[in-house]
Amino acid sequence: CIPTPVAWYAHHLPEWFQKLSVVGTYFIEIPVPFLFFAPVKSLRIVAFYLQIFFQICIIVTGNYNFFNLLTCVLCLSLLDDRYIYDLFGWEYREDVPLYKKIWSKVFGEKTDRVCRWCARLTASIVMLIFIYYTVKFFSLSVDMEKWQVDSVVSFSWDGFSQTLRDIMPWTIYMGVISIAVEIVAAIYGSLTQDSGAGGKLWSLLQTVFFSGVAITMFGVSLVPHTALDRGSRDSVWPAFKKLYSDTEYLEITSSYGLFRRMTGVGGRPELVIEGSNELESGWKEYDWSWWST
């Protein structure tokens, strides 16, 4: 990473701010990505802006070529058509979502109000949970006299690793539920559109085809995704493992993260250069100011 001119100023920010930025990195990189699969649109939009903000900060203070731009492009999928149209002031003709059609039969005219309040309540609860555990795990406290936010890591490496192993199966369940809901909604939309029997059949065939592609991509991506937990990786269907092995050279899917590639999960091997004035004793490691990557 080649630092930018702004990086010098970021490097000399107060220590408490540097520590707080680490807290922000953990927050944006670990719990926030779960919001990508949230059924509530406001949570996905929050996740979008947090990720974009984080990537811009990296772009301003470091040079990772197009890596961060790729992440920003992927985050665009978190925004639905309605939000993009409203953002630019374009006119949008909205199709009624499947869940609203179902809820309208239960709540009648109060459907929009019920959906709106349920979404707000869910979003509020989720964000409060995120904030609570962030404060708890990093012992966040505000020092009004010094006008700073103090933070201390309140968890061990073993505890962090165990938490990742416990959460890994739930990430798979979340992905399965998310893709299943989307497929069911797409099939329902194909069968209820006003285009005649031929149009419905053609739309259904396309939905089935792309659903198969999506399921295959999801299954293949589980192999690198479960690299952090051997138990979860062993539970991945063997057919997906074989398909991943056969197509790995195409790099269709891979583990997210630049540093994951540079250092690996358990760290990267490095050459240690030592010197001594005597052959039998006095060997000392050279401490380098910079390391090449």
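Keep in mind that this is a model prediction, so the values were computed, not measured. Every chain begins its residue count from 1, and numbering advances along the sequence as written. Only residues with pLDDT of 70 or above have their local features reported here, since the model is predicted, and side-chain atom pairs are shown and tallied only from 80 upward, although totals for entire chains, interfaces and linings are computed over all residues. Side-chain descriptors were evaluated using all non-hydrogen atoms of the structure, hydrogens and water having been removed beforehand.

Caption draft 1: Examining the overall build of the protein more closely. Regarding its fold elements, the protein presents 12 helices and four strands. Burial statistics for the protein: of 293 residues in total, 22% are counted as buried. Restricting to contacts in the protein with at least 6 residues of sequence separation, those with at least 24 account for 50%. Surface accessibility in these figures is a Shrake-Rupley result with a 1.4 Å probe; residues are shielded only by whichever protein chains are displayed. Total accessible area on the protein is roughly 21500 Å²; 65% of this is exposed by carbon and sulfur atoms. Comment: elements are numbered from the N terminus, with helices defined as DSSP H or I runs of at least four residues and strands as E runs of at least two. Exposure classes here rest on a 1.4 Å probe applied to the protein chains alone. A residue is buried below 20% of its type maximum, exposed above 50%, and partly exposed in between. Whether two residues are in contact is decided by their heavy atoms: any pair within 4.5 Å suffices.

Caption draft 2: Expanded view of the packing of helix α8 (residues 157–192) against helix α9 (residues 196–225). The angle between two axes is taken between their N-to-C directions and runs from 0 to 180 degrees, where each axis is a line fitted to C-alpha atoms and a helix contributes only its stretch in contact. Packing of α8 against α9 brings their axes to within 9 Å, and their N-to-C directions diverge by 170°. By the angle between their directions, the pair α8 and α9 is classed as roughly antiparallel. When α8 is examined against α9, the residues Met-168, Thr-171, Ile-172, Gly-175, Val-176, Ile-179, Ile-183, Ala-186, Ile-187, Ser-190 and Leu-191 are found in contact with a partner set consisting of Lys-200, Ser-203, Leu-204, Thr-207, Ser-211, Ala-214, Ile-215, Phe-218, Leu-222 and His-225. Orientation labels follow simple angle bins: below 35 degrees gives roughly parallel, above 145 gives roughly antiparallel, 65 to 115 gives roughly perpendicular, and whatever is left gives oblique.

Caption draft 3: Quick look at the environment of Val-142. Tracing the backbone through its elements, the reader meets Val-142 in strand β1 (residues 141–143). Apart from residues no more than four positions distant in its own chain, Val-142 is found in contact with Gln-148 and Val-149.

Caption draft 4: Representation of the nonpolar core in the model. One finds Leu-35, Leu-43 and Phe-48 to be the most contacted residues of the largest nonpolar core, which totals 20 residues. Elements supplying a minimum of two residues to this core: α2 (15–29), α3 (41–61), α4 (67–75) and α7 (111–138). At six residues, the largest contribution of residues to this core is made by α3. Among buried residues, the Ala, Val, Leu, Ile, Met, Phe, Trp, Tyr and Cys ones that are joined through side-chain atoms within 4.5 Å form a nonpolar core. Val-220, Val-223, Val-236 and Tyr-244 belong to the second largest nonpolar core, which has seven residues in total.

Caption draft 5: Representation of the side chain of Ser-232. Along the chain, Ser-232 turns up in helix α10 (residues 230–234). Ignoring any residue separated from it by four or fewer positions in sequence, one finds Ser-232 in contact with Met-168, Pro-169, Ile-172 and Thr-226.

Caption draft 6: Representation of the pattern of salt bridges within the structure. When a carboxyl oxygen of Asp or Glu lies within 4 Å of a side-chain nitrogen of Lys or Arg, that pair is called a salt bridge. With the rule as written, the count across this model stands at three salt bridges. Asp-80 is paired through a salt bridge with Lys-41; the nearest N and O atoms lie 3.8 Å apart. Separated by 39 residues along the polypeptide, Asp-80 in the loop between α4 and α5 (81–88) and Lys-41 in helix α3 bring together distant segments of the chain. Judged by relative accessible area, Asp-80 falls into the partly exposed class, the value being 27%. The salt bridge involving Asp-246 is made with Lys-242; its shortest N-O contact spans 2.9 Å. Linking Asp-246 with Lys-242, this pair stays in helix α11 (residues 238–247), spanning four residues, or about one helical turn. Taking the relative accessible area as the measure of exposure, Asp-246 reaches 42% and is therefore partly exposed.

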